[in-house]
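Below are the chains, spelled out letter by letter.
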Amino acid sequence: MRKIEHIGIAVQDLEKSNELFEKLLGKRHFKTEEVEGEKVATSFFQVGETKVELLQATDESSPIAKFLERKSEGVHHIAFDVEDINVEVERLKAEGFEILNETPKLGADNKLVVFLHPRSTNGVLIELCQDVS
Ligand SMILES: CC[C@@H](C(=O)O)C(=O)SCCNC(=O)CCNC(=O)[C@H](O)C(C)(C)COP(=O)(O)OP(=O)(O)OC[C@H]1O[C@@H](n2cnc3c(N)ncnc32)[C@H](O)[C@@H]1OP(=O)(O)O
Ligand SMILES: [Co+2]
């Protein structure tokens, strides 16, 4: 794994959270994108080499809606940049980690993504990202 690609933060209201993070970080978000497959609307802020990804649910079946029901707004996942996502999935499987989707899916910002179940990673949802832009 090469760097933290982004930190995903679950929010109730993307517009209000954009304003809050613009004040916090002193810069504007550089893109918004809806990802139908995950039923989320996202907004990205660049912070040095990494990004903050704000996530709002677009449907009650979204993982973000479920997370907000059980917990509250806050850090939802940490995403690591990888060179070859299939190689990394095989390595992590062999190490005993629980892979949620062995076939990478299309995420936001031109990335292929795979998730690891938080019960196999000390309670932290981990995302692997491979840039395909
Ligand atoms: C925009 C696209 C992409 C990108 O390009 O960046 C994204 O970031 S999409 C982000 C949203 N998508 C996902 O999160 C997909 C992967 N997540 C899942 O498959 C599920 O959310 C889950 C992690 C498997 C949990 O689903 P489920 O089992 O239905 O939830 P439960 O509510 O029953 O919880 C079970 C268990 O897991 C704990 N949990 C749930 N979410 C998290 C989390 N984000 N971080 C830490 N722990 C989490 C939950 O508290 C339960 O724990 P116990 O009560 O101890 O059993
Ligand atoms: Co993410």
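Residues numbered from 1 in each chain as written. Chains lettered and ligands numbered in written order. Predicted model: local features only at pLDDT ≥ 70, side-chain atom pairs only at ≥ 80, totals over all residues. Heavy atoms only, no water.

*Asks:* Help me out: how do you make sense of the coordination of the cobalt ion (ligand 2) in this one?
*Replies:* The cobalt ion (ligand 2) binds to the protein through His-6 (NE2), Glu-53 (OE), His-77 (NE2) and Glu-127 (OE), with metal-donor distances spanning 2.1 to 2.3 Å. Around the cobalt ion (ligand 2), the six donor atoms are arranged such that angles at the metal cover 75 to 170°; this shape is classified as octahedral. Of note, the donors binding the cobalt ion (ligand 2) are all from one chain and are spaced H-x46-E-x23-H-x49-E. Within this pair, whereas His-6 is found in strand E1 (residues 3–10), its partner His-77 is found in strand E5 (residues 74–81), the two being separated by 71 residues in sequence. (Donors = N, O, S within 2.8 Å, 3.2 Å for Na, K, Ca; no water. Tetrahedral: all angles 85-135°; square planar, octahedral: opposite > 155°, others 65-115°. Helix = DSSP H or I, 4+ residues; strand = E, 2+ residues; numbered from the N terminus.)

*Asks:* Just to check I follow, could you spell out the sheet that holds E5 for this structure?
*Replies:* Strand pairing in a sheet relies on backbone hydrogen bonds, with the paired strands running either antiparallel or parallel. Reading across the sheet, the eight strands line up as E2-E3-E4-E1-E5-E8-E7-E6 and stay open at both edges, with mixed pairing between neighbours. Edge positions in the sheet fall to strand E2 (31–35) and strand E6 (105–106), since each of these pairs with one other strand and no more. Pairing of strand E3 (residues 40–47) with strand E4 (residues 50–57) involves eight bridges; the strand directions are antiparallel. Each bridged residue has a counterpart across the sheet, and for Ala-41 the counterpart in E4 is Gln-56. (Pairing = 2+ DSSP bridges.)

*Asks:* Just to check I follow, could you spell out the pattern of salt bridges for this structure?
*Replies:* If the charged atoms of two oppositely charged side chains come close together, the side chains can form a pair. What the rule picks out here adds up to 14 salt bridges. Residues Lys-51 and Glu-5 are paired through a salt bridge, measuring 2.5 Å at the closest nitrogen-oxygen approach. Separated by 46 residues along the polypeptide, Lys-51 in strand E4 and Glu-5 in strand E1 bring together distant segments of the chain. Across the pair, Glu-5 and Lys-51 agree in class, each one buried. With a shortest N-O distance of 2.7 Å, Glu-88 and Arg-91 are connected by a salt bridge. A residue pair is termed a helical-turn pair when its members lie 3 or 4 positions apart in one helix, as Glu-88 and Arg-91 do in helix H3 (residues 85–94) at three residues. Looking at Glu-88, the relative accessible area reads 10%, which means it is buried. (Salt bridge = Lys/Arg side-chain N within 4 Å of Asp/Glu carboxyl O. Buried < 20%, exposed > 50% of the residue type's maximum accessible area, 1.4 Å probe, protein only.)

*Asks:* What is the right way to look at the environment of Glu-127 in this model?
*Replies:* Structurally, Glu-127 can be placed in strand E8 (residues 126–131). A sequence separation of 121 residues divides Glu-127 from His-6, and the C-alpha atoms of the two residues are 9.1 Å apart. If we skip the residues at most four places from it in the chain, Glu-127 touches His-6, Glu-53, His-77, Ile-78, Ala-79, Phe-80, Val-113, Val-114 and Phe-115. Engagement of the side chain of Glu-127 in a polar contact is seen with the side chain of His-6, the distance being 3.3 Å. Only 2.9 Å separates the side chain of Glu-127 from the side chain of His-77, close enough to count as a polar contact. (Contact = heavy atoms within 4.5 Å. Polar contact = N/O pair within 3.5 Å; in protein donor to acceptor, adjacent residues only side chain to side chain.)

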